[in-house]
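# A closer look at the structure
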Amino acid sequence: MKHQQIIDKMTLFEKAALMSGKSVWQTQDYKHLNIPSLFLSDGPHGIRKQLGSADHLGLNKSIEATCFPTAASIANSWDEDLANRIGQALGKEARELGVNVILGPGLNIKRNPLCGRNFEYFSEDPYLTERLSVEYVKGIQSQGVAATPKHYAVNSQELRRMSNDSVIDERALREIYLPGFEAAVKEGKADFIMTAYNRVNGDYANEHPHLLDEILYKEWGFEGAVVTDWGGSNDHVEGVVRGSHLEMPGTGVAGALELTQAVTEGRLSEDILNQRVDELLDIIFKLAHEDTVSDQLSEVTVYEHHQLAYEAAIKSAVLLKNHQQILPISPDKQIAIVGDFAFEPRYQGSGSSAVNPTQLESVAAIIDKTDATNNIQLYKGFTREDKIQEELVNEAVAGAKVADVVIIFAGLPEIAESEGMDRDNMQFPRNQQHLIEKISDVNSNVVVVLSGGSPVELPWVNKVSGILHTYLAGQASGQAIWDLLTGKHSPSGKLNETYPLTYQEVPSSMYYPGKEATSEYKESIFVGYRYYDTAGIPVQFPFGYGLSYSKFAYLDIQLTDSELSFRLTNIGNYAAEEITQVYVSKEESAIFRSAKELVAFKKVFLEAGDSRLVTITLPQRSFEFYNPVTKRWEIEAGVYTIGVGESSQVIHLSTKVTKEGVDLTGLYSQTLLAVYREANIKNVSDDVFEELIGYPVPDKEWNTQLPLSANDTLSQMYYAKSGLARNVYRVMTYFLNRSIAKGKPNLNLYFNYNMTFRAMAKMTGGLMNQKMVNEIVRMVNGHFWSGAKGVTSAFFENRKITKKEQINE
Ligand code: BGC
C-alpha cells in the first residue's frame with residue numbers, strides 16, 4: 001500500500017470515518033495526520049459552490065460562476081476540442097474557488113425524451129457521449145481538479161430514482177449505457193466516479209458486484225475513487241467491500257460506526273478497509289492543493305469564460321428549418337421579436353446542476369444595445385405559465401401583421417425540466433402553440449427560436465419558415481442567438497438525439513418510466529435512431545441532423561485498412577463548419593442489430609469554396625458487438641457497409657468491407673430474433689425478455705400485501721398499515737400536487753416523495769441513524785407505539801454515541 005505509514009497511525013474509527021463525508025460537500029480531514037479535506041461541487045456545466053446553507057438540489061444560491069451551455073446543448077456541437085476547453089474552464093474556476101472535485105460530467109444515455117435530467121446528459125448515442133465525456137474529463141483534470149462521471153449506471157428516470165431497479169440485458173448495458181463511462185475511465189483517467197441511486201438487475205449501483213468489481217475495476221482498471229450519489233448509499237459495508245470509497249453527504253458518526261462494527265463482527269475485513277483508505281488517500285493527496293482560494297472568480301476568468309460560453313452557444317445551435325433561406329435575417333427588415341424567452345432567457349435546467357451565472361444576457365437586452373433598433377419591435381406574447389393570455393397574443397399578432405419577419409422565442413419552460421421529476425408528456429406548451437399558430441396566420445415569414453433540453457412535439461412545424469434550436473445555451477445565449485440569426489456566424493450544430501414525431505413513436509414509450517419496483521429496458525439496444533432506422537419509423541428530425549447557411553459536397557470515399565478518407569467541399573457562400581458522420585451497418589447477420597451505428601465523426605471548418613481531404617481512423621469498436629455469452633467484444637464475420645453523411649439519414653458516400661470474425665448462428669433463439677431483428681420491441685413478452693436478460697423477470701409491481709421496508713419509498717405509504725402514515729402520504733401528495741398545479745413543483749417535496757426511508761439516515765447529517773429509520777418503518781407498518789418508543793430510545797442512544805465518538809480532526 002502506498003500510504004501504509006499513515007494508515008498504520010490511524011485508528012479503526014478514523015479509517016472508517018474517512019469513508020463518509022464530513023459535511024454535505026466535504027470529505028473528512030485529520031489535521032494530526034496531515035490528511036486534508038476535499039471540497040466537492042456540482043456540476044456538469046458550471047461550478048455550484050454553496051457557501052451558505054448547503055442543499056444538494058440547487059435550491060440555495062451558490063457563488064457566481066460561468067454558466068456554460070448544458071451537456072445536451074454542447075453535444076450538438078460534436079466538438080471535442082470545445083468540450084476539452086470547457087472542461088479546462090470548469091477546472092480553472094474550481095481551482096479559483098477551492099473546489100477539488102467537480103461532480104460531472106453526466107453520462108447517462110437519453111433513453112427517453114421525458115427524463116427530467118436529459119438536459120444534463122449528452123446524447124442517445126454512446127459514441128458521441130463517449131467522445132465528449134473523455135474531453136470533459138481530460139479538460140477538467142488538466143487543471144488538477146477531479147472529474148466525476150455520473151451516474152454509474154443505467155439511471156434514465158427520475159421517478160423513484162432511489163429504489164427503482166433497471167432491468168436490462170448485458171448487450172444493451174455494454175453497447176449503449178456503459179461506453180461513456182468506459183472511455184471516461186480508460187482514456188480520460190477520471191479520478192472519481194459517482195454511482196447511481198438506482199439498482200441494476202437487482203443490486204444497488206453503489207454495491208454492485210458486476211458494475212464495480214468486475215467491470216469498473218477488473219476490466220477497466222479504474223484507479224480513482226467511487227463516491228455515492230447524495231444519499232445513495234444503501235448498505236455502506238457492502239459498498240466498501242465492492243469498491244465504493246465515499247458515502248456522501250456526511251452521516252455524522254453513523255457511517256464510521258457501521259464500518260467499525262462490521263470489522264469487529266468479521267463482516268468486513270480490515271484489509272479491505274485499509275485498501276479503500278489507501279486508494280482514497282491517494283486521490284486526496286493528488287487533489288489537495290495549497291491554493292489561495294476566493295469566494296469570487298477573478299475578473300479575467302469571468303471575462304474569458306463568458307467569451308467561451310458565447311463560442312459554445314454559437315457552436316451548439318442547430319438550424320432545424322430554413323425555408324427559402326429565411327435566415328439569416330437582414331438587419332434592415334421590419335422585425336417583430338415575440339416571446340417571454342426573448343426577455344428572460346431559458347438557458348439552463350433546475351436541480352443540483354443549477355449555476356448562479358456571472359452575467360446573463362437576454363436577446364431583448366442585446367437588441368437594446370445595438371444601434372439600429374427602430375426597425376425592431378418586441379412583444380411578450382406569452383408567459384411561463386401554460387395559460388393563453390389573449391391580450392399578449394393580440395398585441396403580438398398586431399405587431400406581426402406589419403413586420404417583414406417575426407422571430408418567436410419559445411420552448412419548454414423551466415418547470416418542465418428538472419432533476420427529481422420526469423415530464424409526463426412530450427407536448428409543446430399549449431399557450432405558445434396557440435401564439436405561433438395565430439402569428440403564422442397573419443405572417444408567412446416566421447422563425448421560431450427554440451429552447452429546451454429535450455425533444456418536444458412540434459405540431460406547428462409546417463406553419464413556420466425557420467427553426468433555430470438553441471437547446472439550453474448558457475449565460476451568453478442572448479448575444480450568440482442574435483449573431484446566429486443575423487448571420488455573423490452560420491449555425492453548425494447537429495442533433496445529438498432524434499426528434500420523434502410524437503411520443504408514441506419513442507421506443508421505450510411502453511415501458512417508461514418504470515412506475516413501481518422495476519424499470520424494464522425491453523427495447524434493449526434500440527434507443528433513439530437505432531430504433532427508428534431499424535423499424536422504419538418516420539421522425540420529425542433525425543439524429544445527427546442540422547442545416548447550415550452554407551452547403552457541402554461529399555466526394556471520393558476511400559478505405560485502406562481502418563483509414564477512411566473522402567473529399568469535403570464548401571459549395572455555399574458562407575464560411576461554416578460541417579459535422580461529417582460515419583455509420584456502419586451489416587445487412588446479413590445471425591444476431592439482431594441496429595440498421596446503422598455511428599462509429600466516428602469529424603468536424604471540419606471550410607471557407608466558402610474551399611475543399612479538404614478528410615481522413616478518419618475508424619476506432620477499434622467500429623465493427624464489434626458485445627457477445628453476452630463469451631463476454632467479449634467480437635466481430636461477426638461478413639460484409640459491412642460504411643456510410644459517410646451529413647446525418648443518420650442523409651448518407652452521401654458508402655463503401656463495403658469484408659471482415660473476418662466469429663459465426664454467431666444460434667446465439668439467440670428464433671423466437672427472440674423474430675422480435676428483435678425488426679426492432680419490433682413495443683410489446684416484448686416477459687418470456688422473450690427473460691431469454692434476453694438471462695434470468696426470471698422480476699416483479700414490476702410493489703407487493704401491497706407486504707409490510708413496507710427501509711428500501712421502499714415514502715410515496716408507497718398509501719398502502720401502509722398505519723392510518724397516520726397514510727395521512728402523511730395524503731398531506732405530502734396534496735402539497736405536491738398543489739405546487740404542480742401552481743406551475744412551481746416543490747423539488748424538495750418531490751425528492752422526499754421518491755426518497756427511500758433508508759435515505760433519511762443518509763441525508764440528515766447524523767441526526768438520524770438506521771436504527772431510527774427501522775423504528776419509523778415499524779410505525780408505518782402499524783406498530784405505532786412500540787415504533788415510537790424505539791425511535792425515541794434510538795434517538796437518545798444516537799445522541800449519546802455521537803457525543804462520545806467525536807471525530808478527531
Ligand atoms: C444528484 C447528483 C448531484 C448530487 C449533489 C444528487 O441529487 O443526483 O447529480 O451531483 O445530488 O448535488
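In this text the structure is predicted, and so the values were computed from the model without any measurement.

Cut-offs used in this document
- Residues numbered from 1 in each chain as written.
- Predicted model: local features only at pLDDT ≥ 70, side-chain atom pairs only at ≥ 80, totals over all residues.
- Heavy atoms only, no water.
- Pairing = 2+ DSSP bridges.
- Helix = DSSP H or I, 4+ residues; strand = E, 2+ residues; numbered from the N terminus.
- Axes fitted to C-alpha atoms, helices over the stretch in contact; angles between N-to-C directions.
- Buried < 20%, exposed > 50% of the residue type's maximum accessible area, 1.4 Å probe, protein only.
- Contact = heavy atoms within 4.5 Å.
- Polar contact = N/O pair within 3.5 Å; in protein donor to acceptor, adjacent residues only side chain to side chain.
- Near = heavy atom within 4 Å.
- Areas by Shrake-Rupley, 256 points an atom, 1.4 Å probe, with all protein chains shown as cover.
- Nonpolar A, V, L, I, M, F, W, Y, C, P; charged D, E, K, R; others polar.

Right, let's get into the sheet that holds strand S26 (residues 651-659). The strand order across the open sheet formed by four strands is S21-S20-S25-S26, and the pairing between neighbours is antiparallel. One side of each edge strand has no neighbouring strand; the edge strands of this open sheet are strand S21 (597-606) and S26. When strand polarity is set aside, the average angle formed by the axes of neighbouring strands in this sheet is 20°. The sheet contact formed by strand S20 (residues 576-585) and S21 spans nine bridges and is antiparallel. By the bridge assignment for S21, threonine 580 is matched with lysine 602.

With respect to the helices and strands, the residue aspartate 686 is situated in helix H20 (residues 686-693). For aspartate 686, a relative accessible area of 33% corresponds to the partly exposed category. When the C-alpha positions of aspartate 686 and glutamine 770 are compared, they lie 36 Å apart, and in sequence the two are 84 residues distant. When residues no more than four places from it in sequence are discounted, the contact partners of aspartate 686 are Glu520, Lys522, Val697 and Lys700. Of the polar contacts made by the side chain of aspartate 686, one reaches the side chain of lysine 700; its length is 3.3 Å.

To continue, consider the site of the ligand. Neighbouring the ligand are 15 residues, the closest being Asp42, Arg117, His151, Asp229 and Glu419. Between histidine 151 and the ligand, the recorded distance is 2.7 Å, taken from a side-chain N or O atom to an oxygen atom. Take tyrosine 197: an N or O atom from its side chain is 3.0 Å from an oxygen atom of the ligand. Considered on its own, the ligand offers 310 Å² of accessible surface; in the complex 100% of this is hidden by protein. Per-class residue counts for the shell around the ligand are five nonpolar, three polar and seven charged.

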